[in-house]
Amino acid sequence: MILSINAMAQVGTLVRVIYPDYAAGILGRIQARETSGRWIVRLEENPLENSNDILILSLEESDFEIINSEE
C-alpha cells in the first residue's frame, strides 16, 4: 500500500525511488534529512551492474514515495 503524499517521512521509513531513472522502482530506507530539506536514502539493492557497493542517494521528497511496510 502506498501512503498519501501527506504522510510524514522520517528516519527508517521505507520508500520506493521514483527518480533518478537508474534507481526507479528500488526500495530504500530514509537515513537522515539534510538541512536543505532533501532526504538521504540508502537503497536496499544496488541497480548498478557488477557492483556490491551500498548506494546512498540524496533525494527531494518528490523523488520517492512512502511505502507501508505491511504491504
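Reading the values: rules and limits
Residues numbered from 1 in each chain as written. Predicted model: local features only at pLDDT ≥ 70, side-chain atom pairs only at ≥ 80, totals over all residues. Heavy atoms only, no water. Helix = DSSP H or I, 4+ residues; strand = E, 2+ residues; numbered from the N terminus. Buried < 20%, exposed > 50% of the residue type's maximum accessible area, 1.4 Å probe, protein only. Contact = heavy atoms within 4.5 Å. Pairing = 2+ DSSP bridges.

Engineer: How do you make sense of the environment of Glu-34 when you look at a structure like this?
Structural biologist: With respect to the helices, strands and loops of the structure, Glu-34 is situated in the loop between strand E2 (27-33) and strand E3 (39-43). A relative accessible area of 29% places Glu-34 in the partly exposed class. Setting aside anything within four residues of it in sequence, one finds Glu-34 in contact with Trp-39, Ile-40 and Ser-58.

Engineer: Where do I start with the pairing of E2 in this structure?
Structural biologist: Side chains on a regular strand alternate between the two faces of the sheet. By the bridge criterion, three bridges tie strand E1 (residues 14-17) to E2 in an arrangement that is antiparallel. Among the inter-strand pairings, Leu-14 is bridged to a residue of E2, identified as Arg-29. Sheet topology note: the E2/E3 ladder contains five bridges and is antiparallel. Bridged to Ile-30 within E3 is Val-41.

Engineer: Whenever I open this one, the environment of Phe-64 confuses me. Can you help?
Structural biologist: Within the fold, Phe-64 resides in strand E5 (residues 64-66). Residue class for Phe-64 comes out buried when judged on its relative accessible area of 3%.

Engineer: Would you explain the pairing of E3 in this entry?
Structural biologist: Burial along E3 is one-sided: the residues Trp-39, Val-41 and Leu-43 are buried and none of Ile-40 and Arg-42 is. From the end of E2 to the start of E3, which pair antiparallel, there are five residues, and Gly-37 there has a positive phi angle of about 100°. As paired elements, E3 and strand E4 (residues 56-59) share four bridges and run antiparallel to each other. Within E4, the residue paired with Arg-42 across the bridge is Ile-56.

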